[in-house]
Amino acid sequence: MTETSTGQITLHRSWLEPLHGEFEQPYMAELKRFLVAERERGKRIFPRGSEWFRALDLTPLDQVRVVILGQDPYHGEGQAHGLCFSVKPGVRLPPSLVNIYKELESDLGITPRGHGFLEHWAKQGVLLLNSVLTVELGRAASHRDHGWERFTDRIVEQVNARDDPVVFMLWGSYAQKKAGFVDASRHLVLKAAHPSPLSAHSGFFGCRHFSKANAFLESRGLAPIDWALPEMPQPSLNRSS
């Protein structure tokens, strides 16, 4: 896969031109100053800097087939690595991901894996995008309202503008509001409760989004997603490091 780097930013070439103007905006300069200041105060920020744009590096714009939106990265030690809901091999499964696996098994009969490493999905065109791309260790939502939301809004807008149909899997009111402008006449917009244990029984379980997504893609002549994860995942090299 071709890559393009500019300064500390490394992401797939297909995203660079559409998003280039965003990196020049004052809000991004403010965001950078905030992150630098937090580090100078000794704050630990996750994921590591080379993984902030990991979702954009693994899933080129012209290959996006499904979008799954999260809110913030996991704030626990070593959890976040740039893909929403995903954790690295060896990290305990977060409760929301456990419920995602339960729904996947109920919907498609796929046996849950003992790991939460979702790069296999991202490499097939599943954009696993958080609204906020960084977080302070142990402080959930600590980097909200500092500019990331505006940047990720532009990402969703770019996917919405594509001619090819895309499936938007929107779990919870936050994701549904963020992607509320998506053109449902061209794309498939699936809505359900968030997979968190607090809400999964209120409409996430039984939503069958995985099979519905594949049925839609196949009806448009596109290949379905292989939702079955490898048993023993091998993390791909991070080209940003």
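Residues numbered from 1 in each chain as written. Predicted model: local features only at pLDDT ≥ 70, side-chain atom pairs only at ≥ 80, totals over all residues. Heavy atoms only, no water.

1. So, the pattern of salt bridges
In step 1: Per the counting criterion, the structure on display carries 18 salt bridges.
In step 2: With its nearest N and O atoms 2.4 Å apart, the salt bridge here joins Glu30 to Arg33. Placement of the pair is Glu30 and Arg33 together in helix α2 (residues 26-40), with a separation of 3 residues, close to one helical turn.
In step 3: A relative accessible area of 49% places Arg33 in the partly exposed class. (Salt bridge = Lys/Arg side-chain N within 4 Å of Asp/Glu carboxyl O. Helix = DSSP H or I, 4+ residues; strand = E, 2+ residues; numbered from the N terminus. Buried < 20%, exposed > 50% of the residue type's maximum accessible area, 1.4 Å probe, protein only.)

2. A few points about the sheet that holds strand β8 (residues 188-192)
In step 1: Taking strand neighbours across the sheet as the criterion, the 4 strands line up as β5-β4-β7-β8 in an open arrangement whose pairing is parallel. Single-partner strands in this sheet number two, and they are β5 (126-130) and β8. Ignoring which end each strand starts from, the neighbouring axes of this sheet average 20° apart.
In step 2: Along the sheet, helix α8 (residues 209-219) makes contact with β4 (66-70), β7 (167-171) and β8, crossing β7 at roughly 165°. (Pairing = 2+ DSSP bridges. Axes fitted to C-alpha atoms, helices over the stretch in contact; angles between N-to-C directions. Contact = heavy atoms within 4.5 Å.)

3. Examining the side chain of Ser86
In step 1: Locating Ser86 in the fold gives a position in the loop between β4 and α4 (95-108).
In step 2: Setting aside anything within four residues of it in sequence, one finds Ser86 in contact with Tyr74, Gln79, His81, Gly116, Phe117 and Leu118.

4. Describing the side chain of Ser14
In step 1: Mapped onto the secondary structure, Ser14 falls in helix α1 (residues 13-23).
In step 2: A polar side-chain atom of Ser14 sits 2.8 Å from a polar atom in the side chain of His12.
In step 3: Side-chain polar atoms of Ser14 contact the backbone nitrogen of Leu61, separated by 2.9 Å. (Polar contact = N/O pair within 3.5 Å; in protein donor to acceptor, adjacent residues only side chain to side chain.)

5. Points about the packing of α1 against helix α6 (residues 148-160)
In step 1: Running from amino to carboxyl end, α1 crosses α6 at an angle of 150°, the nearest separation of the two axes being 10 Å. Considering how the two elements wind past one another, α1 and α6 form a crossing that is right-handed. Residues Trp15, Pro18, Leu19, Glu22 and Phe23 of α1 pack against Phe151, Arg154, Ile155, Gln158 and Val159 of α6.
In step 2: Considered class by class, the residues forming the contact of α1 with α6 number 7 nonpolar, 1 polar and 2 charged. (Left-handed = near helix turned anticlockwise from the far one by under 90°. Nonpolar A, V, L, I, M, F, W, Y, C, P; charged D, E, K, R; others polar.)

6. Let's talk about unusual backbone geometry
In step 1: Cis geometry marks the peptide bond from Phe46 to Pro47; its omega dihedral reads -10°.
In step 2: Mapping Pro47 onto the fold places it in the loop between β3 (45-46) and α3 (54-58).
In step 3: A positive phi angle is found at Phe85, which is not glycine, with a value near 70°.
In step 4: Here Phe85 shows up in the loop between β4 and α4.
In step 5: One non-glycine residue, Asp145, lies in the positive phi region at around 65°.
In step 6: Classification of Asp145 by relative accessible area gives exposed; the value is 70%.

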